[in-house]
Amino acid sequence: MKLRALIIATHRDVGYFLAGVVVIYAISGLALNHVDDWNPNFVIDRNAVKLELPATPEAVTRNDVLRVLEPLGEKSNFLSYDFPSPRRIKIYLKHGSVTGMLGSGEGEYETIRRRPFLFEANSIHVHPRGWWLWFSDLFAIGLIVLTLTGLFVLQGRHGIKGRGKWLIAAGLALPIAALLAV
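Residues numbered from 1 in each chain as written. Predicted model: local features only at pLDDT ≥ 70, side-chain atom pairs only at ≥ 80, totals over all residues. Heavy atoms only, no water.

Q: Would you mind showing me how to read the packing of aromatic side chains here?
A: How two aromatic rings sit relative to each other is set out by the distance from centre to centre and by the angle between their planes. All chains considered together, the criterion is met by 8 aromatic pairs. Considering the side-chain rings of F17 and F135, the 6.3 Å spacing of their centres and the 65 degrees angle between planes classify their relative orientation as edge-to-face. Of the two residues, F17 sits in helix 1 (residues 3-33) while F135 sits in helix 4 (residues 130-150), which places them 118 residues apart along the sequence. By relative accessible area, which is 58% here, F17 ends up exposed. F135 sits in the buried class, given a relative accessible area of 18%. With a centroid separation of 5.8 Å and 90 degrees between ring planes, the pair formed by Y81 and F83 is classed as edge-to-face. (Phe/Tyr/Trp six-rings, centres within 6.5 Å; stacked < 30°, edge-to-face > 60°. Helix = DSSP H or I, 4+ residues; strand = E, 2+ residues; numbered from the N terminus. Buried < 20%, exposed > 50% of the residue type's maximum accessible area, 1.4 Å probe, protein only.)

Structure representation (structure tokens):
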């Protein structure tokens, strides 16, 4: 097999093999890029609730806490509770919490659930473990192979000796500028 044919075949086959991971990592990367705008891993809902509890921490019992959780359907998800300040209670649930001001009846019910697909995709993207860690390393090597073979797929004025060299230079200029700006 000629070198050029080997380069094209390698580029094609590595590209096909990595296509799924590239799409998953790209979606995850987009989500993680905007972490200041939204939580890419969890959906957090907050609602105002009425909490009928005694006015002092000493007067609050476990039964009082379970009673306020019942209308929320969270009685079976109760974990514990504490008092971050003398007038404030925090009730911990399996998938959220309830906080409130003692004596005033004001409270906030917060539920947390994993964002479907993105939680898992972000997890393997940011914190690879076990066999996926090794696959991620092979994936990175595969991207290098894909890039280097891609440089030589086209020839002539559309290849690396033609406009390709200018596009490579432009593509390198952007991360270099970002690195210098840090």
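Q: How should the layout of surface pockets be read in this particular structure?
A: The rolling of a water-molecule-sized probe over the atoms marks out the regions of remaining empty space. Its boundaries defined by the atoms lining it, the largest pocket holds a volume of some 160 Å³. Considering the residues around the largest pocket, the lining is formed by R4, I7, F152, L154, Q155, G156, G159, I160 and K161. Looking at the lining of the largest pocket residue by residue, the class counts come to 4 nonpolar, 3 polar and 2 charged. (1 Å grid on protein atoms, 1.4 Å probe; cavity = no way out; pocket = protein on both sides within 12 Å on 5 of 7 lines; lining within 4 Å. Points joined across faces, edges and corners; volume = space filled by probe spheres on them. Nonpolar A, V, L, I, M, F, W, Y, C, P; charged D, E, K, R; others polar.)

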